[in-house]
Amino acid sequence: GRRRLVARPETGLPSRKTRHTFTAPCQEVVMRLGLFALVAAVGFAMAAWYTTATDHPANLHSDTRTLLAHWKLHGMRGVTLQSSLAVGSGLLGVLAWWHSNEVWFLMSALVLFADVPLTRWVFAPVSRRLEAIDPTSVSDATRRLLLQWGDLLVMRGLLGTVGAALVVLAIVSP
């Protein structure tokens, strides 16, 4: 249900434990934050699924040298774009949760923020290994590494999809 935000007498700051009923301007702020969070989460998910389903597989028909050159040109740009959308959506989700105390916003933010450790500890080691490969000395191991990188993109698509679904739940929950 709706909650009422009440200031704590000792500090004058809002108490997150009390119920609040929203005024129309507050509902509008929450709705806008939620919609912006949804747009960013869907953008993140769609970028990941596009790369997973079309861009990466289409390039697999190329020889390994061409595939590596394409990855070096586009791969890290995509990671930067997707990470920015995930973090931006997460921040908007936290702001929406702060204004509404709707737990689904917070859960969506946590799911979307999970892209940061995923990028740092799962994508980055593979990316560093790919960056270090000289395009003139590609091998079957290089191709396997590029295939592994493509498989990792599925995790990003799942994070974005779950994050967007949680934002939708937050927006439509009574």
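Structure's up top.
Scope of this entry: the structure provided in the associated data block. Computed from a prediction, not measured in an experiment: that's the story for all the values here.

Criteria and thresholds
Residues numbered from 1 in each chain as written. Predicted model: local features only at pLDDT ≥ 70, side-chain atom pairs only at ≥ 80, totals over all residues. Heavy atoms only, no water. Helix = DSSP H or I, 4+ residues; strand = E, 2+ residues; numbered from the N terminus. Buried < 20%, exposed > 50% of the residue type's maximum accessible area, 1.4 Å probe, protein only. Contact = heavy atoms within 4.5 Å. Areas by Shrake-Rupley, 256 points an atom, 1.4 Å probe, with all protein chains shown as cover. Salt bridge = Lys/Arg side-chain N within 4 Å of Asp/Glu carboxyl O.

**With respect to the overall build of the protein chain**
Along its length, the protein chain carries 5 helices and 2 strands. Secondary structure elements of the protein chain, listed N to C terminal, follow the sequence β-β-α-α-α-α-α. Each of the 174 residues in the protein chain was classed as buried or not, and the buried ones make up 38%. In the protein chain, 73% of the contacts between residues at least 6 apart in sequence involve partners at least 24 apart. With an accessible surface of roughly 9,600 Å², the protein chain has 68% of that area assigned to carbon and sulfur atoms.

**Quick word on the pattern of salt bridges**
Taken as a whole and judged by the stated rule, the model has 2 salt bridges. A salt bridge links Glu-28 to Arg-32; its shortest N-O distance comes to 2.8 Å. Here Glu-28 and its partner Arg-32 are both found in helix 1 (residues 24–59), 4 residues apart, which amounts to about one turn of the helix. One salt bridge in this structure joins Arg-156 and Asp-115, with 2.7 Å as the shortest N-O distance. Taken as a pair, Arg-156 in helix 5 (residues 140–172) and Asp-115 in helix 4 (residues 115–132) lie far apart in primary sequence, 41 residues in all. Overall, Arg-156 belongs to the buried group, its relative accessible area being 0%. For Asp-115, a relative accessible area of 0% corresponds to the buried category.

Geometry only, nothing functional implied.
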